Amino acid sequence: MATILTSSQQTFVDITDQRKLSAYITSNLPKTQSEDPNVLPHEYAPSWTTTNLVLTPVLFLDQTNVSPTASGVTINWKRKDGVSAETNLTTGETVNKGVLTVNANKLAASASGMITYICYISYYDSETKNTINISSDITYTLVKNAANARLCYVTSDTYVFKYDTTSTLVGATQATLTAQVQGVTIGKWQYKNSSGSWADYPSTSDNTSITGGTLVVKPTHAVFNDNVAQIRVTTSDTDVYDTITISKLYDGAKGDKGATGSAGSGGLSVVLGNETQTIACTSAGKTAAASVISIPFTGYVGITQIATTCTVGTLPTGITLKSNTAATATAAGKVELSVAASSDLGAAATLTGNITLTFTISGKTVAKVFTWTKSKAGSNGTSAVVFSVYAPNGTIVQNQSGKLTLATSAYSGTTAITSATYQWAKYVNGTWTNISGATASTLEVSGSNIVNIQSYRCTMTYSSKTYVDVITVEDKSDPYVSEMLSIGGFTVKNNLGGLVPYVIVRTNQQEVDELKGIISETAPSTPKSGDFWYKIDHSAKTVTLMKYNGTAWANATEKQSLTYTWYAQDKDGKEVTFTKTGKVIYLSAADIDSLLTLQCDVSN
């Protein structure tokens, strides 16, 4: 069986004649922080105030570790918020001996929710008399826990005050309104005055306060206009409130709302038990969960309740008619509307809408409008689960010696997850293979198991769902070192075109198994007999080694001295079928589903 000499993954490296300086940044904390917006002040996990974020640059000159404080090394840190321009560090971000410490939750004030720390490293090489400049960066992102749904709705034990033909009050003498809220606190009760403006409910002996959860409404209160009182309760969120209507109904010619019946028989009226509904939605404007809207109704001729039917008008996308029960002379009717989960109710930007309800009573029709509104900060209230794998002490071993610890970070919102199960796996020969017994939240990796480069994956199972993250570790002192380069770079656009990755191999700073010729789409202009050419054919999506026989180019029979075996991982770190072989390969844009990680094992 062939012995793997070295492995490489995609890297962006400029090969020059000077010595190579490389660097990476170790972080003592995960690169994702969670925010809980449902408490004041907001909580962050992990908190950089409690456990300071410490970023340490690790430097290598060729394969030799160089201290950040070594002679000739200059380190300068910058920061960047989102895609904005770089700036100097701010208060709470300090550097000592090249190490950056952050002692405040800087993501809290980030408009983009993403901060990148950039380490600029300058090294004067006394051997080559050259100054080498490189940079390395690390990005932290904020994941906000879902804001709890903010809702408010009002119910009443009656919606009408009835008067007989002598204008004497009969039936209920008061209405008790009850407000129920979620995610907000009650503000105060108000009514709509004669000028159409909302005013505070007047002080009466029936209500000790207008800021509590209940309100007593009596027909003698000065809140009725044309025998109708419109009342609402406000909350701590100005966009979250609910309204209700209380009506006075008179028997005989002094009819109330709706069409007027024949003389002496009283006016036609329809009273809705629910005129408006707030629907909890996510921040994306979609309904947080399936729900049912209930709209009770009763019909009256004068003050006499009679049979009434309802016809429901056009409904928005995501709302359907569940049931429609007619009212009788003794029982209220009810329309029930089903609200589907994850629906934008027509459009994510649409915040409110109307549904026309047409009631038939004594052969005549009365139209009412039911209003629905998306809650401003509506959400399903489910905490975001964040899972990541990191190496607290770095991802590098030397000479396959020592050990590395791989750790996991898992939060539900801002609460650390402690009840999950774990399974670690190792990427070997293009396949993820579970490591027997590796079921803890951490994994200790021996340097002897790392051949140049090695990927590990951890799968966390929590609340019947799985979460996956991948980390790659390296051995910096293998006798063979390989680097993966690419003609055309490492980026395609709009699934068009293709790239040409290839691998170079060094040992003792000398390249071995070199390319036999140039890599290009067109043949060399002045070839000599025996010259080689790696022919790129974008139509056939191939790279073929060609040899010039003195008069024409033909397929070469020669091979590289080393064997190159390629593997691939998709954007989720899962292995995918990949059959390319050779030192130089063709990678079509069609092979890349947003992200593809290539690994090439080089063996003798």
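Bear in mind that the values here come from a model prediction, so they are computed numbers and not experimental data.

Re the overall build of the protein
Assigned secondary structure in the protein consists of zero helices and 49 strands. Taking 604 residues into account, the globule formula puts the C-alpha radius of gyration at 25 Å, and the protein, at 36 Å, lies well above it. By its C-alpha atoms, the protein is 115 × 60 × 45 Å across when sized along the principal axes. Split into buried and exposed, the 604 residues of the protein put 44% on the buried side. Here the analysis covers contacts within the protein between residues at least 6 apart in sequence; of these, 62% occur between residues at least 24 apart. Carbon together with sulfur atoms contributes 48% to the accessible area of the protein, which is approximately 29000 Å² in total.

Here's the deal with the sheet that holds strand S37 (residues 453–462)
Read from one edge of the open sheet, five strands run S31-S38-S37-S34-S35, paired in mixed fashion. If you trace the sheet from one side to the other, it starts and ends with strand S31 (396–397) and strand S35 (431–434), each paired once. One ladder, built from two bridges, connects S31 with strand S38 (residues 465–475); its direction is parallel. Looking at the pairing, Val397 lines up with Asp475 of S38.

Quick look at the sheet that holds strand S47 (residues 575–576)
Pairing within the open sheet is antiparallel, and its four strands lie in the order S1-S49-S46-S47. Only two strands of the sheet have a single neighbouring strand rather than two, namely strand S1 (4–9) and S47. Pairing between strand S46 (residues 563–569) and strand S49 (residues 597–603): seven bridges, direction antiparallel. Residue pairing in the sheet places Tyr564 in a bridge with Val602 of S49.

Concerning unusual backbone geometry
Of note, the amide linkage connecting Ala45 to Pro46 takes the cis form, showing an omega dihedral of -10 degrees. When you line up the elements, Pro46 lands in the loop between strand S4 (43–45) and strand S5 (53–61). With a phi angle near 55 degrees, Ser463 is a residue other than glycine that sits in the positive phi range. Tracing the chain through its elements places Ser463 in the loop between S37 and S38. On the basis of relative accessible area, Ser463 is assigned to the exposed category, the value being 55%.

Comments concerning the pairing of strand S36 (residues 443–446)
In summary, the side chains of a regular strand alternate between the two faces of the sheet. Burial along S36 is one-sided: Leu443 and Val445 are buried, while Glu444 and Ser446, pointing the other way, are not. In terms of strand pairing, strand S32 (residues 403–412) meets S36 through four bridges, oriented antiparallel. In the sheet register, Leu404 faces S36, and the bridge partner there is Val445.

Quick word on the environment of Thr234
Mapped onto the fold, Thr234 is located in strand S19 (residues 228–235). Take Thr234: its relative accessible area is 16%, and that puts it in the buried class. The spacing of Thr234 and Cys152 is 82 residues in sequence and 8.5 Å in space, taken between C-alpha atoms. For Thr234, the contacting residues outside a window of four places in its chain are Thr185, Ile186, Gly187, Lys188, Gln190, Val240 and Tyr241.

Some thoughts on the nonpolar core
Core analysis: the largest hydrophobic core is formed by 30 residues, its most contacted members being Leu177, Trp189, Tyr201, Val217, Ile231 and Ile246. Secondary-structure elements contributing two or more residues to this core are strand S12 (151–156), strand S13 (160–163), strand S15 (175–182), strand S16 (186–192), strand S18 (214–217), S19 and strand S20 (242–250). The biggest single contributor to this core is S20, with four residues. Non-local contacts of Tyr201, meaning those with residues more than four positions away in its chain, are made with Trp189, Gln190, Tyr191, Asn207, Ile210, Leu215, Val216, Val217, Lys218, His221, Val223 and Ile231.

Focus on the pattern of salt bridges
Where charged atoms of side chains with opposite charge meet at close range, the side chains can pair. All told, the structure shown has eight salt bridges when counted by the stated rule. The partner of Arg79 in a salt bridge is Glu93, with the nearest N and O atoms 2.9 Å apart. Taken as a pair, Arg79 in strand S7 (residues 73–81) and Glu93 in strand S8 (residues 93–96) lie far apart in primary sequence, 14 residues in all. Across the pair, exposure class does not vary: Arg79 and Glu93 are buried alike.

Cut-offs applied
Residues numbered from 1 in each chain as written. Predicted model: local features only at pLDDT ≥ 70, side-chain atom pairs only at ≥ 80, totals over all residues. Heavy atoms only, no water. Helix = DSSP H or I, 4+ residues; strand = E, 2+ residues; numbered from the N terminus. Rg over C-alpha atoms; globule rule 2.2 N^0.38 Å. Buried < 20%, exposed > 50% of the residue type's maximum accessible area, 1.4 Å probe, protein only. Contact = heavy atoms within 4.5 Å. Areas by Shrake-Rupley, 256 points an atom, 1.4 Å probe, with all protein chains shown as cover. Pairing = 2+ DSSP bridges. Core = buried A, V, L, I, M, F, W, Y, C linked by side-chain atoms within 4.5 Å. Salt bridge = Lys/Arg side-chain N within 4 Å of Asp/Glu carboxyl O.

Shape descriptors only; they carry no functional weight alone.
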